[in-house]
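The lines below spell out each chain.
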Amino acid sequence: MRDQDFPAPERRIRGRRRFDDDEPQFLKRGRPTGPAPTDPDGPDPETDETCSSWDDALHGPQPHPDWLITELAAKDTELGVLKTGKEADVHLVRRGLPGTDRSCLLAAKRYRDPRHRLFHRDAGYLEGRRVRRSREMRAMTGRTAFGRQMIAGQWAAAEFAALSRLWEIGQRYGTITVPYPVQLRGTELMLEFLGDADEGRAAPRLAELRPSPAELRGLWGQLVDALVVLARAGYAHGDLSPYNLLVHAGRLALIDLPQVVDVVVNPQGREFLARDVRIVATWFAARGLPADLVDPMVLTELLCREAGLA
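Analysis parameters
- Residues numbered from 1 in each chain as written.
- Predicted model: local features only at pLDDT ≥ 70, side-chain atom pairs only at ≥ 80, totals over all residues.
- Heavy atoms only, no water.
- Salt bridge = Lys/Arg side-chain N within 4 Å of Asp/Glu carboxyl O.
- Helix = DSSP H or I, 4+ residues; strand = E, 2+ residues; numbered from the N terminus.
- Buried < 20%, exposed > 50% of the residue type's maximum accessible area, 1.4 Å probe, protein only.
- Phe/Tyr/Trp six-rings, centres within 6.5 Å; stacked < 30°, edge-to-face > 60°.
- Polar contact = N/O pair within 3.5 Å; in protein donor to acceptor, adjacent residues only side chain to side chain.
- Contact = heavy atoms within 4.5 Å.
- Core = buried A, V, L, I, M, F, W, Y, C linked by side-chain atoms within 4.5 Å.
- Pairing = 2+ DSSP bridges.
- Axes fitted to C-alpha atoms, helices over the stretch in contact; angles between N-to-C directions.
- Left-handed = near helix turned anticlockwise from the far one by under 90°.
- Expected span 1.5 Å × (residues − 1).

Visitor: Could you give an account of the pattern of salt bridges, with specific residues and numbers?
Guide: Enumeration according to the criterion identifies 12 salt bridges in this entry. Arg95 serves as the salt-bridge partner of Asp76, at 2.8 Å between the closest nitrogen and oxygen. With a gap of 19 residues between them, Asp76 in strand 4 (residues 75-85) and Arg95 in strand 5 (residues 88-96) connect regions that are remote in the sequence. Assessed through its relative accessible area of 3%, Asp76 is described here as buried. Measuring nitrogen to oxygen at the nearest pair gives 3.1 Å for the salt bridge that ties Asp256 to Lys109. Linking Asp256 in the loop between strand 13 (251-254) and strand 14 (261-262) with Lys109 in strand 6 (residues 103-111), this pair joins segments that are 147 residues apart in sequence. The exposure classification of Asp256 matches that of Lys109, with both residues buried. In the salt-bridge network here, residues are joined through shared partners; they are Lys83, Lys109, Glu159 and Asp256.

As structure tokens, this is what we get:
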């Protein structure tokens, strides 16, 4: 990818039902319901700590952010559940260095055991994602236990790869915000926690807010910029809605990208782009933005051109 592929996009577009299938919850304080997968033996019963899994995980883009604890002596402490869903749960974890006051909060996204139901629309999303070994492809197609585990691993790996690329683009151009992907280990993805670190409270979702007209217009502009960046990178979010957009420190942040779609390879790429746009445009229009500013057909055509689909 060339740097010139991602100049700051021009804003050429001016401008109560659930949109996703997760089950949002407020942070539950106290001991988690089971051992963290970062340690097969579970947390220490006295301290609720496990050794940091940084050493045997795939790491996020370099240079690593200054706030991130990477020392192997660090300990991870489970603080509770941020969000539960049908495919994955998100836990709040504090990673700290014993004997110091250094620590950071992480969001640990853990995809469900393969015995649980995975993405109910996974066939369409997996178009264009192929594995080399025919045995593994057959297992995934047949949804065997091994195949379901592979699909879960693909969701985690796809989300990690997309977040890594988009985070690097965001660092260069500031036109898209995603949480920093800290590490990937099996079907667990650890991410930067976006929210109030002192309170352990996650940033609000767009769907939870009632922005003023000026704020609404600004958020729409940020969203258009982010979608243009996604399209130029060859992606559609694939499940975009006001429930997987956070507003943190005045910035709109995209989250929940396991089903990210390669719009060039996937034969349904244009349809995924159009659906993403239609859902968010409907939300903004329902809150007062003029119809010509949030015209989904105009924005979809722009994104298709940016992705090379026109």
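After presenting the structure, the write-up continues.
Visitor: A description of the packing of aromatic side chains should follow, citing residues and the corresponding values.
Guide: For the structure on display, the rule yields 4 aromatic pairs. On the basis of an interplanar angle of 70 degrees and a centroid distance of 4.6 Å, the ring pair of Trp167 and Tyr180 is categorised as edge-to-face. Of the two residues, Trp167 is situated in helix 3 (residues 145-173) and Tyr180 in the loop between helix 3 and strand 7 (181-185); the sequence distance between them amounts to 13 residues. Just as Trp167 is buried, Tyr180 falls in that class too. Pairing Trp220 with Phe284 gives two aromatic rings, centres 5.1 Å apart and planes at 65 degrees, and the pair type is edge-to-face. Of this pair, Trp220 sits in helix 4 (residues 213-232) while Phe284 is found in helix 5 (residues 269-286), placing the two residues 64 residues apart along the sequence. Connected via pairs of aromatic rings, a cluster forms that spans Trp67, Trp167 and Tyr180.

Visitor: Requested: an account of the side chain of Thr300, with residues and values cited.
Guide: By secondary structure assignment, the location of Thr300 is in helix 6 (residues 296-306). Polar contacts involving the side chain of Thr300 include one to the main-chain carbonyl oxygen of Pro296, which spans 2.7 Å.

Visitor: Account for helix 6, naming residues and giving values.
Guide: The α-helix winds at 3.6 residues per turn, so residues separated by three or four positions along the chain end up facing the same way. If you check which residues of helix 6 are buried, you get Leu299, Thr300, Leu302, Leu303 and Cys304. At its buried positions, helix 6 is contacted by helix 4 and helix 5. A side-chain oxygen of the first residue of helix 6 lies 2.9 Å from the backbone nitrogen of Met297; this N-cap is Asp295. After helix 6 finishes, the residue Gly308 shows a positive phi value of roughly 80 degrees.

Visitor: Which residues make up the nonpolar core, and what are the values?
Guide: Proteins that are soluble and globular tend to have nonpolar side chains buried together. Core analysis: the biggest nonpolar cluster contains 74 residues, and Leu166, Trp220, Leu223, Leu245, Phe284, Leu299 and Leu303 have the highest contact counts within it. The biggest single contributor to this core is helix 4, with 11 residues. Dropping the residues within four chain positions of it, Leu223 is found in contact with Leu240, Leu245, Leu252, Val280 and Phe284. Core analysis: the next-biggest nonpolar cluster, separate from the first, contains 5 residues, Leu194, Ala203, Ala253 and Ile255 among them.

Visitor: Quick rundown of the pairing of strand 6? Include the residues and the values.
Guide: Burial analysis of strand 6 places 8 of its 9 residues in the buried class, the great majority of the element. The pairing of strand 5 with strand 6 spans 9 bridges and is antiparallel. Note on strand 6: the bridge partner recorded for Gly96 is Ser103. Once strand 5 ends, the chain turns through 6 residues before running back antiparallel as strand 6, passing Gly99 with a positive phi of about 85 degrees.

Visitor: Any details on the packing of helix 4 against helix 6? Residues and values, ideally.
Guide: Helix 6 packs onto helix 4 with a crossing angle of 35 degrees between their chain directions and a minimal axis gap of 7 Å. Judged by the twist between their axes, the crossing of helix 4 over helix 6 is right-handed. Facing helix 4, whose interface residues are Trp220, Val224, Leu227, Val228, Ala231 and Arg232, helix 6 presents Leu299, Leu302, Leu303 and Glu306.

Visitor: Tell me about helix 4, and please be specific about residues and values.
Guide: Taking 1.5 Å of rise per residue, 20 residues should cover 28 Å, and helix 4 covers 29 Å from first to last C-alpha, within 8% of that figure. Within helix 4, 14 of the 20 residues are buried, which leaves it mostly tucked inside the rest of the structure. Gly234 lies just past helix 4 and shows a positive phi near 90 degrees.

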